[in-house]
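Working through the structure, step by step
Given next are the chains, with one letter for each unit.
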Amino acid sequence: MKIEATINNKKIQMEVANDEFLVDALRRYGYSSVKRGCDTGCCGLCTVWINERPTLSCSTLAPTVQGKQITTIEGLQEEAKEFASFLVKEGAEQCGFCSPGFVMTVLAMKRELEKPTEEEIQHYLVGNLCRCTGYAGQLRAIKKYLEV
Amino acid sequence: MKFVNQPIEKIDGMDVATGKPVYTDDLVMTNALIVKILRSPHAFAEIKSIDVSRAEDLPGVECVLTYKDVPNVRFTMAGQSYPEPSPYDRLILDKILRYVGDEVAIVAAVDEKTANKALKLIKVEYEVMEPVLDFEEAIGHSTVIHPEDNLHINFDIGFNQHKNIASSTIIEAGNIEEAFDECTHIVEETYYIQAQSHAMMETYRAFSYLDLNERLSVVSSTQIPFHVRRILARALQIPASKIRVIKPRIGGGFGGKQTASVEVFPAIVTLKTGKPAKIIYDRKESFSCTTSRHAMRIKVKLGADRDGRIRGIDMEGLADTGAYGEHAPTVFSVTGYKTLPLYNQAKAVRYRAHAVYTNKMTAGAFRGYGVTQGTFALECAINQLAGKLNMDPAKLREINMIREGESSPVLGKKDDGTPIKMESCALDRCVKKGKALIEWDRKFPSYEVSDTKVRGLGMAITMQGSGIAKIDTASTIIKLNDDGFFTLLLGSTDMGTGSDTILAQMAAEVLEIPMDKIIVHAVDTDISPFDTGSYASSTTYVTGNAVIKAAENIKEQIIEYGARFLNQSMEAVEFDGGYVKEIDGSNRISLDEIAQRVVSGEGKSQLIGHGSFGGDTSPAPFIAGFAEVEIDKETGKIDLIDYVAVIDCGTVINPNLATIQAEGGLVQGIGMAMFEDVVYSSKGKLQTNTLMQYKIPCRKDIGKLTVEFESSFEPSGPFGAKSIGEVVVNTPPAAIAHAVYNAVGVNARNLPITPEKVLMGMLENKKS
């Protein structure tokens, strides 16, 4: 079926299957930052924004985004680079495969929470798994980025 | 130093952190066929008949392959130097299926839906046979898992296929019985270590295509490009010269991608169809159809005299290699080789072990490579011995552990017959610093925090190696380009660790040039110099030494050409990174100008520096790890409050990247200690096969992590460095088990240490 959505501020027409997940449709249309890490909705790698809210694109059926606004890290490069520079200063990006989903969640958190505590940060990001870094370096980077 | 020992940012850091398309599946051509595998539902079965005609007839299906369509030559998927110790015991597709998930048929279709539909149309009749699911019953079981007669072994590995023994080993020094006779205190215990899953975020994947010369090109998320080329050549029975392997960025490996688990499937499809083909394992396949850590049972007998001097260590290992023998002979040997030297005051040590086949998923390489298992068993026993001696476990280690300049018979001898020594070792300082950081003397062994909560402290020490002595090799090439910048060509694989960056730091240090003047290229087997690959903690030490040689080699050439263009002798000039200048300071020529003139009609040349290295020894990095846990006495719930690791990895090439490596490794070890349970059904199906069932640590599970370095200087290492990648995973299971014991008196000898086990242990203690 045909749907129309706004992806990274551009109106896009997409041909999607009824049972296709958004992550697969986005990758098919070239938004390859969006990664699939599990099949059970628990790793956070595929996080994109739908109408500004961080959402798992692996658990969102593509037809349901008709008329909605989708943001991937490709559409948020300036902000992403700003946070990424803190991450890279800590050396906390490691393999980077979880970065797009993780960074999108961090950027959403910045908009949603003002001066979050360490506990609030950890809670907000609990659904973003990482097997490389042990999370501590990510937390150091976030605190410096948010100046908390 | 300007670049070495500096917190330089990762050269690919911004790209991977901002979502650039740099991983395998981001690069695949859109017309690639989708490859899917039909898998065995049975733990042990033989295919009686297989009918693929309906699948083949499905529109969009390009190719369906069964055991009848593949070369009848056995091979190993283990990424090891030739001749591999691992037995050649598998076919691409076999008539006999040896675990739930074993490959029955390969399907390639134009899209995923069609491929999945085709899988359902394949009709297979199985003869189901009795599986071996308990590795403790494997030896001499009436079921023989590998009855085939075309299995191949490259050299003696203590293999006995009729008894399900994939490999056997003995390490022995001194008379163990006599040593125990001198002991007043003996500990004898049995430990079980689970088949931990790597659970790297990027699942296993590869794609392949024929290039314009009809050569097979394989793009793979792999740690071992050169081994993949050789493995594919044997498995597919085509010359290695017809294969090119390219490694893009990798989304984590941890040793999993030291086994070529998936490459052969798209490759054979491309060969059969002439078309591009890709395979992406889903998370379930990654969990249940690749490799894991070797589950092991380790019995330890350990004895000391009344002063706490350890006299004898006797370990007996049993490793579950699963259906195939990838890394079987090496993982369980390393268990002995890299734990026993820690306590070199022992008069006798012995390690005897078997690796056995079972009808479960194959085990393979995993960060720590057997040392992790051995460290858990031995360090738990050491802690228990300290308890028996009524001695501080830190003191027991201080009395017995190896120190700089000392040797151990297990380390072997050099070519000249003299014993190999620990040329660099700051383990004593690591223990001392770790104790201070966790406030050991104040808090050990435990203290109450409330009526229901108690905190306990525990510790463990460990070592690893740096590359495989006399086997691992690396070659590197540095090319001076015509605009005065360099290309550093590597055959090693940065899987997120930052090895490309630290190797460039070393080159920059030697050449005194800025980092941005170095472009790192890795890996394309058509172009890159040979490297055994990134495993066995080899990249910093083995490839690093090769980089230094290559950089020195090209520096000499730059000086030579600079001197020639200045009409001077080489002795009269020096290179400072920007210019070759006369030592008296009168004349100079820039690197840019040298580079231009070298490739011009005047120079008619190309400056290429190269260097190769293989270690005669495998210098050990060390860690002292300390855990503080809080236990809820009513529920058994364990909270990790603090984990302190003090590390001797020699010179720290990049403090930021080394810290993250350490933190990540510790958390992987913590996961193994506390969360990562592996459960099989009674029929042999892995049940913990998603991230829902198999819990890896999330960011709320980890307390405080404290990582500090206590550096020694390794004389044979690059700038004094040793490895760090693997050693970091080893200490948490034993240190946490010790902390739990000190908190509530429960001795956990079976990983993971779950609240349920702790509570049951407390109830058991109450009863007795």
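Here the residue numbering is sequential within each chain, running from 1 through the sequence in written order. To read the labels, note that chains go from A and ligands from 1, taken in the order they are written. Confidence filtering applies because this is a predicted model: local features only for residues at pLDDT of at least 70, side-chain atom pairs given and counted only at 80 or more, and all residues used for totals across whole chains, interfaces and linings.

The next thing to look at is the overall build of chain A. Numbering of helices and strands runs from the N terminus, with a helix taken as a DSSP run of H or I at least four residues long and a strand as a DSSP run of E at least two residues long. Assigned secondary structure in chain A consists of 5 helices and 5 strands. In chain A, the succession of α and β elements from N to C terminus is β-β-α-β-β-β-α-α-α-α. In summary, chain A has a C-alpha radius of gyration of 15 Å against a globular reference of 15 Å for 148 residues, a match within 12%. Referenced to the eigenvectors of the C-alpha coordinate spread, the extents of chain A come out at roughly 45 × 25 × 25 Å. To sort residues by exposure, count the other C-beta atoms lying within 10 Å of each residue's C-beta; 20 or more gives buried, 12 or fewer gives exposed, and values between give partly exposed, all with C-beta atoms placed from the backbone. Counting all 148 residues of chain A, 53% fall into the buried class. Taking the contacts inside chain A whose residues are at least 6 apart along the sequence as the reference set, 61% of them involve residues at least 24 apart. Restricting the calculation to C-alpha atoms gives the radius of gyration, and the globule rule supplies 2.2 Å times the number of residues raised to the power 0.38. The contact criterion used here is simple: two residues whose C-beta atoms, placed from the backbone, lie within 7 Å are in contact.

Now for the domain arrangement of chain B. Many analyses report the size of an interface as the accessible area lost when the parts associate. Residue and element names in this part refer to chain B. Domains assigned within chain B are domain 1 (13-129 + 198-288), domain 2 (133-188 + 302-401), domain 3 (426-462 + 618-768) and domain 4 (474-613). For domain 1 versus domain 2, the separation of C-alpha centres amounts to 34 Å. When its residues are assigned to classes, the side of domain 1 that touches domain 2 shows 11 nonpolar, 10 polar and 6 charged. Boundaries of every domain are those given by an automatic assignment or by a domain database. Each residue is assigned to one of three groups, with Ala, Val, Leu, Ile, Met, Phe, Trp, Tyr, Cys and Pro labelled nonpolar, Asp, Glu, Lys and Arg labelled charged, and all others, Gly among them, labelled polar.

On to the packing of helix α11 (residues 393-400) of chain B against helix α12 (residues 427-438) of chain B. Geometry of a packed helix pair, given as the angle between the helix axes and the separation of the axes. All names here are of chain B. Lines are fitted to the C-alpha atoms to define the axes, a helix being fitted only along its stretch in contact, and any angle between axes, read from their N-to-C directions, falls within 0 to 180 degrees. Running from N to C, α11 and α12 cross one another at 165°; their axes reach a closest spacing of 10 Å. Considering the angle they form, α11 stands roughly antiparallel to α12. For the pair α11 and α12, the crossing hand works out as left-handed. Of the residues in α12, those touching α11 at Ala-394, Arg-397 and Glu-398 are Asp-428, Val-431 and Lys-435. For the contact of α11 with α12, a count of residues per class yields 2 nonpolar, no polar and 4 charged. Each angle is binned into one of four classes, with values under 35 degrees roughly parallel, values over 145 roughly antiparallel, values of 65 to 115 roughly perpendicular, and all other values oblique. Crossing handedness is defined as follows: a turn of the near helix away from the far one that is anticlockwise and smaller than a right angle gives a left-handed crossing, while the clockwise case is right-handed.

Turning next to the sheet that holds strand β3 (residues 61-65) of chain B. Residues and elements named next belong to chain B. Here, any two strands with at least 2 DSSP bridges between them count as paired. As summarised here, the arrangement of the 7 strands in space is β3-β5-β1-β12-β9-β10-β11, forming an open sheet in which the pairing is mixed. Each having just a single partner strand, β3 and β11 (243-246) make up the two edges of the open sheet. Put simply, the sheet's adjacent strands are angled 20° from each other on average, direction ignored. As paired strands, strand β1 (residues 33-39) and strand β5 (residues 103-109) are joined by 6 bridges and run antiparallel to one another. The partner of Lys-36 across the bridge, within β5, is Val-107. Helix α6 (residues 225-236) rests against β10 (216-220) and β11 of the sheet, and its axis sits at about 145° to β11.

Here the focus is the packing of helix α17 (residues 655-674) of chain B against helix α18 (residues 732-744) of chain B. Residue and element names in this part refer to chain B. Running from N to C, α17 and α18 cross one another at 50°; their axes reach a closest spacing of 8 Å. With respect to α18, the axis of α17 lies oblique. As for how α17 packs across α18, the hand of that crossing is right-handed. Contacts between α17 and α18 involve Leu-666, Gly-669, Ile-670, Met-672, Ala-673 and Met-674 from the former and Pro-732, Pro-733 and Ile-736 from the latter. Per-class residue counts for the contact of α17 with α18 are 8 nonpolar, 1 polar and no charged.

Residues and elements named next belong to chain B. Val-523 follows Ala-522 through a cis peptide bond whose omega is -5°. Each neighbour pair has its own omega, and for Leu-751 with Pro-752 the value is -5°, a cis peptide bond. Inspection of the secondary structure puts Pro-752 in the loop between α18 and α19 (755-767). The backbone phi angle of His-327 is positive, close to 65°, even though this residue is not glycine. Checked against the element boundaries, His-327 lands in the loop between β14 (310-322) and α9 (328-337). Residue His-327 is classed as buried on the basis of its C-beta count, with 35 C-beta atoms lying within 10 Å.

Residue and element names in this part refer to chain B. Positionally, Arg-293 belongs in the loop between α8 (283-288) and β13 (295-304). The buried category is assigned to Arg-293, around which 31 C-beta atoms lie within 10 Å. Not counting the four nearest positions on each side in its chain, Arg-293 is found in contact with Ala-195, Gln-196, Ala-363 and Phe-366.

Let us look at the pairing of strand β2 (residues 10-15) of chain A. Put simply, side chains in a regular strand alternate between the two faces of the sheet. One ladder, built from 6 bridges, connects strand β1 (residues 2-7) of chain A with β2(A); its direction is antiparallel. What sits directly across from Ile7(A), in β2(A), is Lys10(A).

Another point: the interface of chain A and chain B. Counting from both sides, the interface comprises 42 residues of chain A and, opposite them, 42 residues of chain B. Elements supplying a minimum of two residues to the side of chain A that touches chain B: α2 (77-90), α3 (99-112) and α5 (136-146) of chain A. With 8 residues, the top contributor of residues to the side of chain A that touches chain B is α2(A). Its residues assigned to classes, the side of chain A that touches chain B shows 22 nonpolar, 13 polar and 7 charged.

Here the focus is the nonpolar core. All names here are of chain B. When buried Ala, Val, Leu, Ile, Met, Phe, Trp, Tyr and Cys residues are joined through C-beta atoms within 7 Å, the set is termed a nonpolar core. Core analysis: the largest hydrophobic core is formed by 308 residues, its most contacted members being Ile-106, Val-107, Ala-108, Ala-507, Ile-736 and Val-740. Sorting elements by how many residues they give to this core places helix α15 (residues 539-565) first, with 11 residues. Among all residues touching Ile-736, those that are not within four sequence positions of it are Gly-458, Ala-627, Val-629, Leu-640, Ala-673, Met-674 and Ile-753.

This part takes up the confidence of the model for chain B. Overall, the predicted model of chain B reaches an average pLDDT of 98, with 100% of residues at or above 70. We note a pTM of 0.98 for the whole complex and an ipTM of 0.98 for its interfaces. pLDDT: the predictor's confidence for each residue, scored from 0 to 100.

Moving on: the UniProt feature "domain: Aldehyde oxidase/xanthine dehydrogenase a/b hammerhead" (unreviewed entry) in chain B. UniProt positions are given in the numbering used here, feature names are shortened, and annotations may be inferred rather than shown by experiment. On the UniProt side, "domain: Aldehyde oxidase/xanthine dehydrogenase a/b hammerhead" (unreviewed entry) is annotated at positions that read residues 18-130 of chain B here. Taken end to end, residues 18-130 of chain B is 17% helix and 30% strand, and its first and last C-alpha atoms sit 51 Å apart.

With that out of the way, let us pick up the environment of Lys144(A). Residues and elements named next belong to chain A. Relative to the assigned elements, Lys-144 resides in helix α5. When the 15 C-beta atoms within 10 Å are taken as the criterion, Lys-144 is described as partly exposed. Along the sequence, Lys-144 and Glu-112 sit 32 residues apart, while their C-alpha atoms lie 17 Å from each other.

Looking now at the domain arrangement of chain A. Residue and element names in this part refer to chain A. Looking at the assigned domains, one finds that chain A contains domain 1 (2-74) and domain 2 (76-146). Each of domain 1 and domain 2 has a C-alpha centre, and these two points are 21 Å apart. Here the element with the most residues in the side of domain 1 that touches domain 2 is strand β3 (residues 47-50); it accounts for 3 residues. Here the residues of the side of domain 1 that touches domain 2 sort into 9 nonpolar, 5 polar and 2 charged.

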